Amino acid sequence: MKPFTLRSKPENRRLGLAALAACWLTGCHAATTTAPVDEGVVRSTRTAASLINEGGPVFGKPADATLINEGGPVFGKPTNPNNFQLGGLVVLPRYYTGGTTDLKVSAERLDGGAVPDLGAVPVGDGGSFLLQGPATGKFFFAATSFTQEDTIHRVRALARADAGGGQLTIDAASSLLSAKIALAEQKRHLFTIDYQETQDLGQMVRYKLGTQLQTVQLDAANAELSNALNVLARQDDGLRERIRSWEYTLDPTLKPTPETMPAATSVVPTTTVPATTGSGGSPGNSTGK
């Protein structure tokens, strides 16, 4: 076996000095730096096209360079381009004595079923709400309800799961129009509805009828609510014709003939007319005319 020999210390020292000298000549001294490089710093030696700010400062940025910020918020950008946001206001009837913060706005299909993709949202102080969900483009009712004198009153408005849904008002006027839409849906599926015309008609109903809408009890069935709107609209020829024309687009089977109205019911409270006594002593019929 070849004997193992140790180099002398002077020889090892000479080899170490030679290695250091060679490293210094070739620039190896930079490799001895152990401090970590800040990932947020993009050095000026990079080109303008490679400058991407990922959350930290950028030093030495050329004047004509455009930075892409991947570390901060982007304002005005939707959370998901396939989603929609629909804000609005719930206006409750005056006879409701409760508050708004205990209520929620939910989504209902036009036939009364639930919309699984849209969860209920709370109604804020003052009646504001914000619905969000998939932008399917489908129509639905944005609705809330409350209990008054042991009955459930529903306040609804036609809504659309669309990015351009805008603002929505849920009140007595929209509830009466929603009743007519629900009745038409029972006859045939409403694939298309003139959404803007419905919103405009709701504004006209509010303007023309005003405080008279407060007399409508919203715990009634769709047929009663639809009839209540017909009763109130009889006072204004322009409003009556506008409603009739709009309703005909929902249900073409309806004939545009003057409606035959039954005696007013509790849906539209009116001044009570005392019963009269006929010649035979039996009481006559009391009407709300």
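Residues numbered from 1 in each chain as written. Predicted model: local features only at pLDDT ≥ 70, side-chain atom pairs only at ≥ 80, totals over all residues. Heavy atoms only, no water.

Colleague: Could you clarify how one ought to interpret empty space enclosed by the protein in this entry?
Modeller: Empty pockets left among the atoms are what a rolling probe the size of a water molecule brings to light. The full count for this structure, using the stated rule, is one cavity of 30 Å³ or more. Taken as a whole, the largest cavity spans an internal volume of roughly 40 Å³. What lines the largest cavity is simply Arg154, Arg156, Ser175, Leu218, Ala220, Ala221, Asn222 and Leu225. Every element with two or more residues in the lining of the largest cavity is listed here: strand E8 (151-160) and helix H4 (222-233). When the residues that make up the lining of the largest cavity are grouped by side-chain class, the tally is four nonpolar, two polar and two charged. (1 Å grid on protein atoms, 1.4 Å probe; cavity = no way out; pocket = protein on both sides within 12 Å on 5 of 7 lines; lining within 4 Å. Points joined across faces, edges and corners; volume = space filled by probe spheres on them. Helix = DSSP H or I, 4+ residues; strand = E, 2+ residues; numbered from the N terminus. Nonpolar A, V, L, I, M, F, W, Y, C, P; charged D, E, K, R; others polar.)

Colleague: Explain the environment of Leu201 to me, please; I cannot follow it from the model alone.
Modeller: Checked against the element boundaries, Leu201 lands in helix H3 (residues 195-209). For Leu201, the residues in contact, after removing those within four places along its chain, are Leu177, Leu239, Arg242, Ile243 and Trp246. (Contact = heavy atoms within 4.5 Å.)

Colleague: Help me understand the packing of aromatic side chains in this model?
Modeller: Geometrically, a pair of aromatic rings is defined through the distance of the ring centres and the angle of the planes. Considering all chains together, one arrives at four aromatic pairs under this definition. Between Phe84 and Phe140 the ring centres are 6.4 Å apart and the planes differ by 50°, which places this aromatic pair in the tilted class. A residue pair is termed long-range when its members are at least 10 positions apart, and Phe84 in strand E3 (residues 83-90) and Phe140 in strand E7 (residues 139-148) qualify at 56 residues. Ring centres of Tyr95 and Phe146 lie 6.2 Å apart, and the angle between their planes is 55°; this geometry places the pair in the tilted category. (Phe/Tyr/Trp six-rings, centres within 6.5 Å; stacked < 30°, edge-to-face > 60°.)

Colleague: For this particular structure, what's the right way to read the side chain of Glu247?
Modeller: When you line up the elements, Glu247 lands in helix H5 (residues 237-250). The contact partners of Glu247, leaving out residues within four places of it in the chain, are Lys180, Ser226 and Leu254.

Colleague: I tried to follow the confidence of the model for the protein on my own but got confused; where do I start?
Modeller: The predicted structure's coordinates, where accompanied by low pLDDT, should not be read in detail. Residues at a pLDDT of 70 or more form 59% of the protein, whose mean pLDDT is 74. Long-range and interchain partners of residues 39-52, a stretch whose pLDDT sits below 50, account for 25 contacts in this model, where long-range means more than four residues apart. A low-confidence stretch, residues 71-78 (pLDDT under 50), is modelled with three contacts involving residues beyond four sequence positions or located in other chains. (pLDDT = per-residue confidence, 0-100.)

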